[in-house]
Amino acid sequence: DAGVTQTPRHEVAEKGQTIILKCEPVSGHNDLFWYRQTKIQGLELLSYFRSKSLMEDGGAFKDRFKAEMLNSSFSTLKIQPTEPKDSAVYLCASRGTGGALEQYFGPGTRLTVL
Amino acid sequence: GDSVTQMQGQVTLSEDDFLFINCTYSTTWYPTLFWYVQYPGEGPQLLLKVTTANNKGISRGFEATYDKRTTSFHLQKASVQESDSAVYYCVLGVNSGTYQRFGTGTKLQVVP
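About the criteria used
Residues numbered from 1 in each chain as written. Chains lettered and ligands numbered in written order. Predicted model: local features only at pLDDT ≥ 70, side-chain atom pairs only at ≥ 80, totals over all residues. Heavy atoms only, no water. Contact = heavy atoms within 4.5 Å. Buried area = accessible area lost by both parts, 1.4 Å probe. Salt bridge = Lys/Arg side-chain N within 4 Å of Asp/Glu carboxyl O. Polar contact = N/O pair within 3.5 Å; in protein donor to acceptor, adjacent residues only side chain to side chain. Helix = DSSP H or I, 4+ residues; strand = E, 2+ residues; numbered from the N terminus. Nonpolar A, V, L, I, M, F, W, Y, C, P; charged D, E, K, R; others polar. Buried < 20%, exposed > 50% of the residue type's maximum accessible area, 1.4 Å probe, protein only. Pairing = 2+ DSSP bridges.

**Student:** Any chance you could explain the interface of chain B and chain A here in plain terms?
**Tutor:** The figure often quoted for interface size is the accessible area lost as the parts come together. Counting residues at the interface gives 19 residues for chain B and 20 residues for chain A. Buried surface at the junction of chain B and chain A, both sides included, amounts to about 1,500 Å², of which 52% is carbon and sulfur. In this assembly, chain B and chain A are joined by zero salt bridges. Inspection of the region where chain B meets chain A yields six residue pairs in polar contact (both at pLDDT 80 or more). Looking at the side of chain B that touches chain A, the elements with two or more residues in it are strand 5 (31–38), strand 6 (45–51) and strand 10 (86–94) of chain B. It is strand 5 of chain B that contributes the most residues to the side of chain B that touches chain A, four residues altogether. Its residues assigned to classes, the side of chain B that touches chain A comprises eight nonpolar, nine polar and two charged.

This is the structure in structure tokens:
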């Protein structure tokens, strides 16, 4: 079975640009997560979807970050406008329904904002 | 609210040393506890998982035991290898189905 796919693997943006990161979850998984990972803050939850419904929207990220699930097999994370402090690795993960199940992570997208 | 605590940010060991990474958690729900490992350039992946039913998880030479009395879930390995160098996350899941709480991670460096 295919794991979680993320594209692109690397993205370089100028300050003020709009960027869109993409994620394809494991087939059949109902839960999808977006995280931001930095050395200082570690893993931070950006969004959590269950069956395409937004369940959690990380409060600190609401203004410029928007995640969507267009269908059960595709999600996007839009950052608009980008700022240099957004430079980080963005991870997507999926799992079956339930807090007792493991999450399957994609390889991440490394974003650099100049 | 639910939380998980990893105090060790970085651990450096020599090959064949014993590994012990602390993790404590807090929840009012029945917990499921995970250790994830992340290698450079990859996303985290499951190392092992423990529920209140089985109390102990073992995988690839790593072991973790859930202790309800002390609300701890420490990770240990008898003899580490250079290939074990990675970041290890303690994670709390609860059966209510919400997202899981990740600890801050412990970076393990094993030197030859």
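Having seen it, we continue.
**Student:** When you look at the pairing of strand 11 (residues 109–113) of chain A in this model, what are you seeing that I'm missing?
**Tutor:** Here is the key point about a regular strand: its side chains alternate between the two faces of the sheet. All names here are of chain A. Here strand 11 shows a clear split, with Thr109, Leu111 and Val113 buried on one side and none of Arg110 and Thr112 buried on the other. Relative to strand 11, strand 2 (residues 10–13) runs parallel, the two sharing four bridges. When the bridges of strand 11 are listed, Val12 appears paired with Thr112. Pairing between strand 9 (residues 88–95) and strand 11: three bridges, direction antiparallel. Looking across to strand 11, one finds that Tyr90 is bridged to Thr109.

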